[in-house]
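Coordinates in review
Letter by letter, the chains look like this.
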Amino acid sequence: MINEKVAMILEDKINVIKNGEKSIYLVGPINLPVNLDGETTVFQWYCWLPCENMAGHFCNDGSYNMEKIIETLASSNLAEMQQSSVLLYGDFQHSADALIRMHSICHTGDIFGSKRCDCGFQLKQAMKMIATQGSGALFYLANHEGRGIGLFSKAMAYVLQEKGLDTVEANLELGFVDDARNYDDAIRVLKKLRSNPVTLITNNPRKLEALQNSGANVAGRVPLWGDISEFNEKYLKTKVVRSGHLKDIKNE
């Protein structure tokens, strides 16, 4: 059993986003001081977990049994599951303008600083853009590795790319689609946190379409290109030519 005082503390920090038989458990905000180019910038961190078949967590009147929710989550082996995050900056709920980034996890680029892609650069640059804007959110999507194929499959795709295939061809040869990512849960979290307009930081029209088709309040988009090198030039060109990413005029 969870200590009653602990349950009361956590109850104030856990929100439930219900969607049919599926629920999203959102915990936060938590102060997260981040090093951005040697300067400390404080974000508000949330983590969320999608769960199915959690009917026992709800009372007959439709209210939440928060003690039961906390007890179940605390005793689950969450280290073996994927969980996503969102970093908020400024008064994200109420500000008139806000930038958002839907960033797909990239183990090699974000953690190791790989130059085979531009993901690590985009992660840090988006955080800087949001902080400069004064209000925004970076969604870090943990089940999007390799455009949705997973880390091990991404490693196999890299093997094929080293033999000359481009990133799209490698995914297709392994039996995957070019892009298997889904943004539904992230959009539900976004709608929970903000109803005012947002501007999406992306080069990918599929992300913009996913937001627009969901009915989210989208004011527009801004591009995010950079960190082009001999190691990722083919990859970036493939994004434009094969995956339809929107070209930044300044980099033509």
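Residues numbered from 1 in each chain as written. Predicted model: local features only at pLDDT ≥ 70, side-chain atom pairs only at ≥ 80, totals over all residues. Heavy atoms only, no water.

1. Points about the nonpolar core
Here is the rule we go by: By nonpolar core is meant a set of buried Ala, Val, Leu, Ile, Met, Phe, Trp, Tyr and Cys residues that side-chain atoms within 4.5 Å join together. In this scheme, a residue with accessible area under 20% of its type's maximum is buried, one over 50% is exposed, and one in between is partly exposed, where area comes from a 1.4 Å probe on protein chains only. Numbered from the N terminus, helices here are DSSP runs of H or I no shorter than four residues, and strands are runs of E no shorter than two.
In terms of nonpolar packing, the biggest core is built from 26 residues, with Trp48, Val86, Ile100, Met102, Phe139, Val189 and Leu211 touching the most fellow members. Elements that contribute at least two residues to this core include exactly strand 2 (22–36), strand 3 (39–52), strand 4 (84–89), strand 5 (99–104), strand 6 (136–141), helix 8 (184–193), strand 7 (198–201) and helix 9 (205–213). The element contributing the most residues to this core is helix 8, with five residues. In this structure, Ala126, Ile130, Ile201 and Leu224 belong to the second largest nonpolar core, which totals twelve residues.

2. As for the environment of Phe43
We apply this condition: The contact criterion used is simple: two residues touch if any of their non-hydrogen atoms lie within 4.5 Å.
By the element assignment, Phe43 lies in strand 3. Taking C-alpha positions, Phe43 is 18 Å from Ala186, a pair spaced 143 residues apart along the chain. Apart from residues lying up to four places away in sequence, Phe43 is in contact with Ile30, Asn31, Leu32, Val34, Leu36, Leu87, Leu88, Tyr89, Met127 and Ile130.

3. A short note on the UniProt feature "domain: GTP cyclohydrolase II" (unreviewed entry) in the chain
Stated precisely, the cut-off is as follows: UniProt positions are given in the numbering used here, feature names are shortened, and annotations may be inferred rather than shown by experiment.
In this structure's numbering, the residues bearing the UniProt feature "domain: GTP cyclohydrolase II" (unreviewed entry) are residues 80–223. Secondary structure content for residues 80–223 is 42% helix and 19% strand, while the C-alpha to C-alpha distance between its ends is 34 Å.

4. Description of the sheet that holds strand 3
Our working rule: For two strands to be treated as a pair, DSSP must find at least two bridges joining them. The axes used here are C-alpha line fits, helices contributing only the stretch in contact, and every angle between their N-to-C directions lies in the interval 0 to 180 degrees.
Strand order in the open sheet formed by eight strands is 1-2-3-4-6-5-7-8, with mixed pairing between adjacent strands. Edge strands, defined here as strands with exactly one partner in the open sheet, are strand 1 (14–19) and strand 8 (218–222). Ignoring strand direction, the axes of neighbouring strands in this sheet form an average angle of 25°. Docked against the sheet, helix 9 engages strand 5, strand 7 and strand 8, running at close to 175° with respect to strand 8.

5. Considerations on the packing of aromatic side chains
Keep this limit in mind: Stacked, tilted and edge-to-face are the three classes applied to pairs of Phe, Tyr and Trp rings, where Trp contributes its six-membered ring and a pair requires centres within 6.5 Å; stacked means planes under 30 degrees apart, edge-to-face means over 60, and tilted covers the rest. Both a distance and an angle decide whether a charge sits over a ring: NZ of Lys or CZ of Arg must be within 6 Å of the ring centre and within 35 degrees of the ring normal.
The final tally for this structure, using the stated rule, is two aromatic pairs. One cation-aromatic arrangement involves Arg116 over Tyr158; the distance from NZ or CZ to the ring centre is 4.0 Å. Over the ring of Phe92 we find Arg194, and its NZ or CZ is 5.4 Å from the ring centre.

6. So, helix 6 (residues 151–161)
Applied cut-off: To obtain the arc, one takes the directions from the helix axis to the C-beta atoms.
Buried within helix 6 we find Ser153, Lys154, Ala157, Tyr158 and Gln161. Burial along helix 6 is one-sided: seen end-on, the buried residues are contained in an arc of 150°. The exposed set on the far side of helix 6, more than 90 degrees from its buried face, consists of Phe152 and Val159. Close packing links the buried residues of helix 6 with helix 3 (107–111), helix 5 (145–148) and helix 7 (167–173).

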